[in-house]
Amino acid sequence: MDAQYNPQTVEAEAQAYWQKSQTFKANDDPLREKFYCLSMFPYPSGSLHMGHVRNYTIGDVISRFQRMQGKNVLEPIGWDAFGLPAENAAIKHKVPPAEWTYQNIELMRQQFKRLGFGYDWDRELATCKPDYYRWEQWFFVKLFEKGLVYKKNSVVNWDPVDQTVLANEQVIDGCGWRSGAKVERREIPQWFLKITAYAEELLKDLDTLTGWPEPVKTMQRNWIGKAIGAAVQFKVKERSDAIEIFTTRPDTLFGVTYLAIAPEHSLSLAVAKNNPEIHQFIEECRIGKVAEAEFATLEKRGLDTGLKAINPVNGETVPVWVANYVLMEYGTGAIMAVPAHDSRDYEFAKKYALPIRQVVTPIDNNQICDLNQAAFVAKGKLIHSGQFDGLAYTDACKAIIAFLEKNKSGQGQTHWRLRDWGVSRQRYWGAPIPIIYCNHCGTVPVPEADLPVVLPEKIDFLGVGSPLKTMPEFYKTTCPTCGNPAERETDTFDTFIESSWYYARFACPLQNQKMLDERAHYWNPVDQYIGGIEHAILHLLYARFFHKAMRDLGLLNSNEPFTRLLTQGMVLKDGAKMSKSLGNTVDPESLIAQYGADTVRLFLMFAAHPEQSLEWSDSGVEGSSRFLKRLWQMVIQYTLSLSEKSAAEITDPEALKNFKRVLHETIRKVTDDMGRRQTFNTAIAAMMELLNAIQSFSANAPTITVKNSIKEALEALLLMLSPIAPHITHSLWHTMGNTDAIVDHAWPTVDFDALIKDNLEFALQVNGKLRGSLNAPASIDNQALENLALAHENIKRHIEGKTIQKVIVVPKKLINIVVK
């Protein structure tokens, strides 16, 4: 064995062994307890960044740890391969998106292997492959047949030059990021999945996800947004129609001073036909982003439409305004404005000098209600509300809803913030939507026998519109119902479709007869899912919806896709997220070449709690490297010492006993940190302390008995470290004389007898303040312990001349003497 640690040689040998032995090939075995560990699969961008490496290292460490617990572990990997970045790269590099994607997959596959991740490569999948997206097309058709798919017009960001829909982040100062053209807000036909049909279950089942972080569940609850309130009809004067609004605050109805409707509202458009100013305002609102967050912060603007509406609770006439802060996509596209009790309405009313009428007053005298400064948004009791004066929030809402229902001008209603999922994308690099349009039969799903609808990969992609729209060989077809000429849908799926069910497909990736088979029942749900907090809402929500829909089709037998969720923090450098634009990235490849993959893995797991941001540190990487080198040298020294003559008896059995206790305390702590707590950084710190203890003990007592103890401790240390630094531990395990592979060995067990201490350290307190300590037998009784405490020199000094009120003994911890 080399005297010096050479990570490149060590890592190549370990990886060759794993590949030859098919170490990480997962076998379906219903008789064994399974553990399915999955990290959110990557987009094949061409090179790994440190955020990738951290995410996948965490997953690999957990997988290896659970394997050592005797579980049947599945750790798969695949590629989230469709999407806009490939189209952008195709334009930049003048290669088809498919070619660019497959090149990147090959490159990243090799990078993953160099990091020693224990994936079952036989299960590798890429979402851009027809054998994968065939089944999501099939699933879409099944949802279509169940009434969970429909098509309607929806407002999007439209680039008139590139002839494509833009995501919000591609709109910069109201212009397309690539063309520079003014972006329009345009209504176009879009396909939707009826996720709202599962809203109640998606909300309720969050309570069953005890292994998820509370912040993530809170974000999902808020996004689903169940609100109990009232639907209220405001009749429009001199018209036959009414404006319907939904409010969670029916108690504030007497405070309505105007109504606000969205620019796209039917009444706005009707008024605009004869009002050039409003027409111009609506056109201006068409330009820009449609994200709700954008509307929450933009300058609030509006115009009086001239229409008047009648408040159903008091008959008062209020003006109807068109306002840019009202979204057509949420609720009814209209709101009742109560400036005294809503911050957005307050801001708008102040700007346009509209009335602000208080109808709620604080119940708590400590609450402040100064309408000259801000709206009073808290709940209270009613004033200036006619017959409802004096009622508190709950009673007021019930009474006003009853009044509305009696007068047929409203009713109690549950409202959901969640909206159906728009899955159409007017782009090329995605899975084709399996729909055919026939002049005779209308909208017809592609029959199962004709799936998949294959996306042509060899194309000239210029970036202006989708090439599918200019390819008659793709879109021209015949109607499967009547046989007449027809056309295919040229929109492709949102890439969230692929990532919403990939976890289930890993159970049976080569199955070509059905979407999922019985193996999906065995492996699902995922026991541990790892990924960034940025996916806390949409990806996780869509996957939960897909899982429930697949369950209802008999494809799965569980209610949720992910049992336990870990959201890892970002990797920072100089306080900022690593990014190419900031020039602060660190190349994993160069680090592996310099220090080895184990050093990189060790640093990423040690530098911070996995859910916290990690600040990059070159010195921290070097420190991790030094630790591995020290471990290497310690094992070398141990093997050399085996040939040395030494005494047969140990002269200090107490030291041996203490050393064994330190070892098993470490095993107990590391086991808990790695398994239950998932605080890998503290586990590594404990292992580093153990290495220090081994070195110290070895230097002070080089006897045969001690060597056996050192062997026990070193082997336990190698086993505990192996999930984190699998290559060096693979090599050192054999150096220690073991013939099996460490990856196949069981986790070390705690000897609880070794944890028992003959003597304990007791803290000594006087009136709760620490005044000393004493060492005493663990079996000592309270009276003897009290006597020893009172005889302690420092205690005698602090209680001299004072009266002892009582002596409190906390078993195995402390003695507190209370004096006066």
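Look above for the structure.
The structure reproduced in this document is the subject of the present report. (Residues numbered from 1 in each chain as written. Predicted model: local features only at pLDDT ≥ 70, side-chain atom pairs only at ≥ 80, totals over all residues. Heavy atoms only, no water.)

Another aspect to go through is empty space enclosed by the protein. Across all of its chains, the model carries three cavities of 30 Å³ or more by this definition. Put simply, the largest cavity is a space of about 100 Å³. When residues of the lining of the largest cavity are traced back to their parent elements, those giving at least two are α3 (84-93) and β6 (164-166). A per-class count over the lining of the largest cavity returns six nonpolar, seven polar and four charged. (1 Å grid on protein atoms, 1.4 Å probe; cavity = no way out; pocket = protein on both sides within 12 Å on 5 of 7 lines; lining within 4 Å. Points joined across faces, edges and corners; volume = space filled by probe spheres on them. Helix = DSSP H or I, 4+ residues; strand = E, 2+ residues; numbered from the N terminus. Nonpolar A, V, L, I, M, F, W, Y, C, P; charged D, E, K, R; others polar.)

In this structure, the second largest pocket spans a volume of roughly 940 Å³. Lining the second largest pocket we find 30 residues, and of these Phe246, Thr248, Ile335, Asp342 and Arg344 sit closest to its centre. Where the lining of the second largest pocket is concerned, the elements lending two or more residues are β10 (226-236), β11 (242-247), α10 (292-297), β15 (334-337) and α11 (343-352). Residues of the lining of the second largest pocket, tallied by class, amount to 12 nonpolar, 10 polar and eight charged.

Let us look at the nonpolar core. The biggest cluster of nonpolar side chains holds 118 residues, and the ones touching the most others in it are Met50, Leu193, Tyr503, Met550 and Trp616. For this core, the element with the highest residue contribution is helix α17 (residues 538-552), accounting for eight residues. Contact partners of Leu193, with chain neighbours within four places excluded, come to Phe140, Leu143, Leu148, Val149, Asp420, Trp421, Val423, Ile497, Phe545 and Phe546. By size, the runner-up hydrophobic cluster in this structure holds 56 residues, among which are Val73, Ile684, Ala686 and Ala725. (Core = buried A, V, L, I, M, F, W, Y, C linked by side-chain atoms within 4.5 Å. Buried < 20%, exposed > 50% of the residue type's maximum accessible area, 1.4 Å probe, protein only. Contact = heavy atoms within 4.5 Å.)

Packing of helix α20 (residues 618-641) against helix α22 (residues 680-700) leaves a shortest axis separation of 11 Å and a crossing angle of 35 degrees. The two elements α20 and α22 meet at a crossing, and its hand is left-handed. Along its contact with α20, which presents Phe627, Arg630, Leu631 and Met634, the element α22 presents Met687, Met688, Leu691, Asn692, Ile694, Gln695 and Ser698. Of the residues assigned to the contact of α20 with α22, the class counts are seven nonpolar, three polar and one charged. (Axes fitted to C-alpha atoms, helices over the stretch in contact; angles between N-to-C directions. Left-handed = near helix turned anticlockwise from the far one by under 90°.)

Inspection of every chain in the model, using the stated rule, returns 41 salt bridges. For Asp28, the salt bridge identified is with Arg123, shortest N-O distance 3.6 Å. Taken together, the residues span a long stretch of sequence, with Asp28 in the loop between α1 (7-21) and β1 (34-39) and Arg123 in the loop between α4 (97-114) and β4 (125-126) at a distance of 95 residues. In this structure Asp28 comes out as partly exposed when scored by relative accessible area, which is 35%. A relative accessible area of 7% means that Arg123 is categorised as buried. Three or more residues are tied together by salt bridges with common partners; here these are Glu201, Lys204, Asp205, Arg544, Lys548, Arg551, Asp552 and Glu560. (Salt bridge = Lys/Arg side-chain N within 4 Å of Asp/Glu carboxyl O.)

What follows deals with the sheet that holds strand β33 (residues 804-810). Here four strands make up an open sheet; going across it, the order is β32-β31-β34-β33 and the pairing mixed. Either end of the sheet is taken by a strand with one partner, and the two such strands are β32 (769-777) and β33. This sheet shows a mean twist of 20 degrees between the axes of neighbouring strands, independent of strand direction. Bridge count between β33 and strand β34 (residues 814-819): six bridges; the pairing is antiparallel. What sits directly across from Val809, in β34, is Ile815. (Pairing = 2+ DSSP bridges.)

Looking now at α20. Given a rise of 1.5 Å per residue, 24 residues ought to cover 34 Å, and the 35 Å separating the end C-alpha atoms of α20 matches this to within 8%. For α20, the complete set of buried residues consists of Val621, Ser624, Ser625, Phe627, Leu628, Leu631, Trp632, Met634, Val635, Ile636, Tyr638 and Ser641. (Expected span 1.5 Å × (residues − 1).)

Here the focus is the packing of helix α7 (residues 214-224) against α17. α17 packs onto α7 with a crossing angle of 75 degrees between their chain directions and a minimal axis gap of 10 Å. One element, α7, and the other, α17, form an angle in the roughly perpendicular class. Contacts between α7 and α17 involve Val216, Gln220, Trp223 and Ile224 on the former and, on the latter, Leu538, Leu540, Leu541 and Arg544. When its residues are assigned to classes, the contact of α7 with α17 shows six nonpolar, one polar and one charged. (Parallel < 35°, antiparallel > 145°, perpendicular 65-115°, else oblique.)

The omega torsion of the bond from Leu451 to Pro452 falls at 5 degrees, within 30 degrees of zero and hence cis. For the bond running from Asn524 to Pro525, omega is 5 degrees, close enough to zero to count as cis. Mapped onto the fold, Pro525 is located in the loop between α16 (519-523) and β26 (526-532). In this structure, Lys94 takes a positive phi of about 60 degrees despite not being glycine. The exposed category is assigned to Lys94, whose relative accessible area is 74%. Notably, Gln678 is not glycine yet its phi reads approximately 55 degrees, a positive angle.

Successive side chains on a regular strand alternate, one facing one side of the sheet and the next facing the other. Where β10 lies against strand β18 (residues 410-416), seven bridges are found, and the strand directions are antiparallel. Counterpart to Ala227 in the pairing with β18 is His415. As paired strands, β10 and β11 are joined by six bridges and run antiparallel to one another. Among the inter-strand pairings, Ala230 is bridged to a residue of β11, identified as Thr247. Sheet topology note: the β10/strand β13 (residues 302-310) ladder contains two bridges and is antiparallel. Counted as the bridge partner of Lys235 is Ile310 from β13.

Moving on: the sheet that holds strand β28 (residues 571-573). Strands sit in the order β29-β28-β30 across an open sheet of three strands; the sheet is mixed. Among the strands making up the open sheet, the edge pair consists of β29 (576-577) and β30 (614-615). The sheet contact formed by β28 and β29 spans two bridges and is antiparallel. Among the inter-strand pairings, Lys573 is bridged to a residue of β29, identified as Ala576.

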